Amino acid sequence: MSEKKFISDSGIEIKELYTGADNTEKPGVWPYTRGIQKDMYRGKLWTMRQYAGFSTAEESNKRYKYLLANGTTGLSVAFDLPTQIGYDSDHAMSEGEVGKVGVAIDSLKDIETLFDGISLEKITTSMTINATASTLLAFYIALAKKQGADIKKISGTVQNDILKEYAARGTYIYPPKPSMRIITDIFEYCSNEVPKWNTISISGYHIREAGSTAVQEIAFTLANAKSYLNAAIEKGLDINVFGQRLSFFFNAHNNFFEEIAKFRAARRMWAKMAKEMGATNPKALMLRFHTQTGGATLQAQQPENNIVRVTLQAMAAVMGGTQSLHTNGFDEAFSLPTEAAARTALRTQQIIGYESGVVDTVDPMGGSFFVEELTNKIEEEAWKYIQIIDAMGGSVNAIEQGYMQKEIADSSYRYQMAIEKQEKIIVGLNKFTLDDEVSPPLMRVDDNIRIGQIEKLKQLRSERDNEKVKSCLNQLNEVATDGSNLMPGIIEAVENYATLGEIADVFRGVFGEYRA
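All values reported here derive from a predicted model rather than from experimental measurement.

Analysis parameters
- Residues numbered from 1 in each chain as written.
- Predicted model: local features only at pLDDT ≥ 70, side-chain atom pairs only at ≥ 80, totals over all residues.
- Heavy atoms only, no water.
- Core = buried A, V, L, I, M, F, W, Y, C linked by side-chain atoms within 4.5 Å.
- Buried < 20%, exposed > 50% of the residue type's maximum accessible area, 1.4 Å probe, protein only.
- Contact = heavy atoms within 4.5 Å.
- Helix = DSSP H or I, 4+ residues; strand = E, 2+ residues; numbered from the N terminus.
- Pairing = 2+ DSSP bridges.
- Axes fitted to C-alpha atoms, helices over the stretch in contact; angles between N-to-C directions.
- Parallel < 35°, antiparallel > 145°, perpendicular 65-115°, else oblique.
- Salt bridge = Lys/Arg side-chain N within 4 Å of Asp/Glu carboxyl O.
- Phe/Tyr/Trp six-rings, centres within 6.5 Å; stacked < 30°, edge-to-face > 60°.

> How do you make sense of the nonpolar core when you look at a structure like this?
General note: in soluble globular proteins, nonpolar side chains tend to be found buried as a group. Core analysis: the largest hydrophobic core is formed by 147 residues, its most contacted members being W270 and F507. If sequence neighbours within four positions are ignored, F507 has contacts with Y174, L476, A480, L486, I490 and G512.

> Please explain the pairing of strand β9 (residues 246–252) as it appears in this structure.
Residues in a regular strand point their side chains to alternate faces of the sheet. Across the seven residues of β9, seven count as buried, placing the element largely inside the fold. Going residue by residue along β9, you find L246, F248, F250 and A252 tucked away on one face and S247, F249 and N251 tucked away on the opposite face as well. Two strands pair when backbone bridges link them, and strand β8 (residues 200–203) and β9 are joined in this way by four bridges, in the parallel orientation. Bridge pairing in β9 links I202 to F248. Sheet analysis places β9 next to strand β10 (residues 289–293), joined by five bridges and oriented parallel. Across the sheet, the residue bridging to F249 is H290, located in β10.

> Sorry if this is basic, but what is going on with the packing of helix α4 (residues 133–146) against helix α6 (residues 176–193) here?
Each pair of packed helices can be summarised by the angle the axes make with each other and by the distance between the axes. Viewed as axis vectors pointing N to C, α4 and α6 meet at an angle of 25°, and their least axial separation amounts to 10 Å. Between α4 and α6, the angle falls in the class roughly parallel. For the pair α4 and α6, contact is made by A133, S134, L137 and I141 and by I182, I186, Y189 and C190, respectively.

> Any chance you could explain the pattern of salt bridges here in plain terms?
Pairing is possible between side chains of opposite charge, provided their charged atoms come close. Across all of its chains, the model carries 34 salt bridges by this definition. The residue D390 makes a salt bridge to K226 at a minimum N-O spacing of 2.8 Å. You can see D390 sitting in helix α14 (residues 369–391) and its partner K226 sitting in helix α8 (residues 214–234), a full 164 residues away along the chain. Among the salt bridges present, the one from E455 reaches K458, with a minimum N-O distance of 3.7 Å. Within this pair, E455 and its partner K458 are both found in helix α17 (residues 449–463), separated by three residues, close to a single helical turn. For E455, a relative accessible area of 44% gives the class partly exposed.

> How do you make sense of the packing of aromatic side chains when you look at a structure like this?
Here a ring pair, both rings aromatic, is described through the centre-centre distance and the interplanar angle of the planes. Under the counting rule described, the total for this entry stands at 21 aromatic pairs. Centre to centre, the rings of F115 and Y140 are 5.4 Å apart; their planes meet at 90°, and the pair counts as edge-to-face. With a gap of 25 residues between them, F115 in the loop between α3 (108–114) and β5 (125–128) and Y140 in helix α4 connect regions that are remote in the sequence. Across the pair, exposure class does not vary: F115 and Y140 are buried alike.

Okay, here's the thing in structure tokens:
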């Protein structure tokens, strides 16, 4: 059977790879500047993974089925703030936030509803969760078992990147050292029991959303990655095993060529870093990453312009070699996306994948004098930041001393000043404005969601075996204290319908809470 030919609309055959005389790097081989697969999207398109979650598990389940019916190839779950910081919906701290920025998940019951009618063995799922990642992963594993799935075959990702929470986002619970322990426990458990699961998605996305530059985004992300590698190696884990399940999560902004160069530079830097730290397995040397288009770039003014912004950003991610992609809805400067906006965002990816032709050859920007030089310069500047962080003793120390936070804040301030002085033009915001703005139809989350969640919790606590739950939580307290791996105890607790807040409170009692 002959290899499939890729032909332009004019009948011109497109080669798999174009290489200039001064660029002999190939995709699929170290240092992976040009891509981690030899044939990239000629073999398979990226995963079109639309991020969604709001209100209740019932409502989010409807949205997932809608997206799957419209061609999404992977799910990505957004959780509400109480879920992210370890509070059940009936906790006083949860008031006003239940179901607002993501779906409310209190127990295994909610996860059962969230994925009702969806086979976990047949879909990959990414969960954007950090401080409570161990519990959400336990919920997912418990449900997979109930569905009869082989947990060695389920695949997906937990973000599980707590360092960027201290540096840029703020949804942490415990101090850095016990948080790092929880993360490496997940590495260890999944290496043995859930080998296809990506145990961390080391995130530059939120660093960029907080105001960093493209260079800072990859520098701080890779510095954090280095800290995770060191912590896992100190625990006795093999970098060639757990390193295969690390993934990354980057932002895509509007500066088209800089974004493409950023992705290429990050891939090359990670290959060098992992190799220096002892990785020899090619899969542990490959930087695999998910991209989300830039939420901070979306404007409330003339929101339809955001479709153009998202298209540019998505194109940059694809031409930079992303493995999966989420495209934002044009109305997300106002609220969670409506179904229509989510569909347009997904169609944007599909048009790029099936109509644009940019997927027909590998690394189409490779060999461009501009892109190659920009790739080199971004790498050079990013290494300078990493050297400073290394000299401080690594990311944990750099965060505790406020270094990353200050660098991000300074960059954010400079960018905002450039907009206010019109040195940086944002169409519709500081130039080409309209006198009469019309807001698009918005999605609203019912403020009474919390009442329903509280009723579910009351019913759960009346029906479960509370003595068994108490025993599981006491055992989890002992494991947290003696230093054993936490994951088996968490899974047993959630299988007996202990709640997310109850488990987080056990760890609060042992580890304490972090105050910046």
